[in-house]
Amino acid sequence: MVVYRISCDEGHSFEGWYASAEAFEREAGAGHLECPVCGTSSVRKHPAAPYVHTASAPAPATDADRQGLERLKTYILANTENVGREFPEVARRIHYGEEKSRGIRGQVTRAEAEALKEEGVPAWSVPPGMKLADEVH
Ligand SMILES: [Zn+2]
């Protein structure tokens, strides 16, 4: 898994989550990568900045932001496997090459998120308010 901070020509920035650097290049090269805010495919990536955190982020303020979140959510649902509470273990196995590289989503506690971060396992926190349909509680 790799996480990229991506920005478009309009200056919107967002995060993309890919199985591998190659997977990102394929998406971008095929023009499938779009800004979730304005829809342009004129985007570029910045150095990978993987992180996990459970702190709250500012709520989306505008309709455009909310639409962007919807598109991001659709993307996540279509491109990741829900591993629920197994997330920390599966993320580690993928990170250490013990499992096939792929996008996953799931839940972590604050302590687990900190541990993954310390180990350098790339992951990404879903913005508060983005409810994934098959979320495990
Ligand atoms: Zn944009």
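Residues numbered from 1 in each chain as written. Predicted model: local features only at pLDDT ≥ 70, side-chain atom pairs only at ≥ 80, totals over all residues. Heavy atoms only, no water.

**Student:** Account for the coordination of the zinc ion, naming residues and giving values.
**Tutor:** With distances of 2.0 to 2.3 Å, the protein atoms coordinating the zinc ion are Cys8 (SG), His12 (ND1), Cys35 (SG) and Cys38 (SG). The coordination sphere of the zinc ion comprises four donor atoms, whose angles at the metal cover 104 to 113°; the geometry is tetrahedral. In primary sequence terms, the donor set of the zinc ion follows C-x3-H-x22-C-x2-C. With His12 in the loop between strand S1 (2-8) and strand S2 (13-18) and Cys35 in the loop between helix H1 (21-29) and strand S3 (43-45), this pair connects stretches of sequence that are 23 residues apart. A relative accessible area of 25% means that His12 is categorised as partly exposed. Residue Cys35 is classed as buried on the basis of its relative accessible area of 0%. (Donors = N, O, S within 2.8 Å, 3.2 Å for Na, K, Ca; no water. Tetrahedral: all angles 85-135°; square planar, octahedral: opposite > 155°, others 65-115°. Helix = DSSP H or I, 4+ residues; strand = E, 2+ residues; numbered from the N terminus. Buried < 20%, exposed > 50% of the residue type's maximum accessible area, 1.4 Å probe, protein only.)

**Student:** Which residues make up the pattern of salt bridges, and what are the values?
**Tutor:** Under the criterion given, the structure shown has seven salt bridges. One salt bridge in this structure joins Arg93 and Glu99, with 2.5 Å as the shortest N-O distance. Classification of Arg93 as partly exposed rests on a relative accessible area of 29%. A residue is classified by how much of its surface remains accessible, and Glu99, at 23% relative accessible area, is partly exposed. (Salt bridge = Lys/Arg side-chain N within 4 Å of Asp/Glu carboxyl O.)

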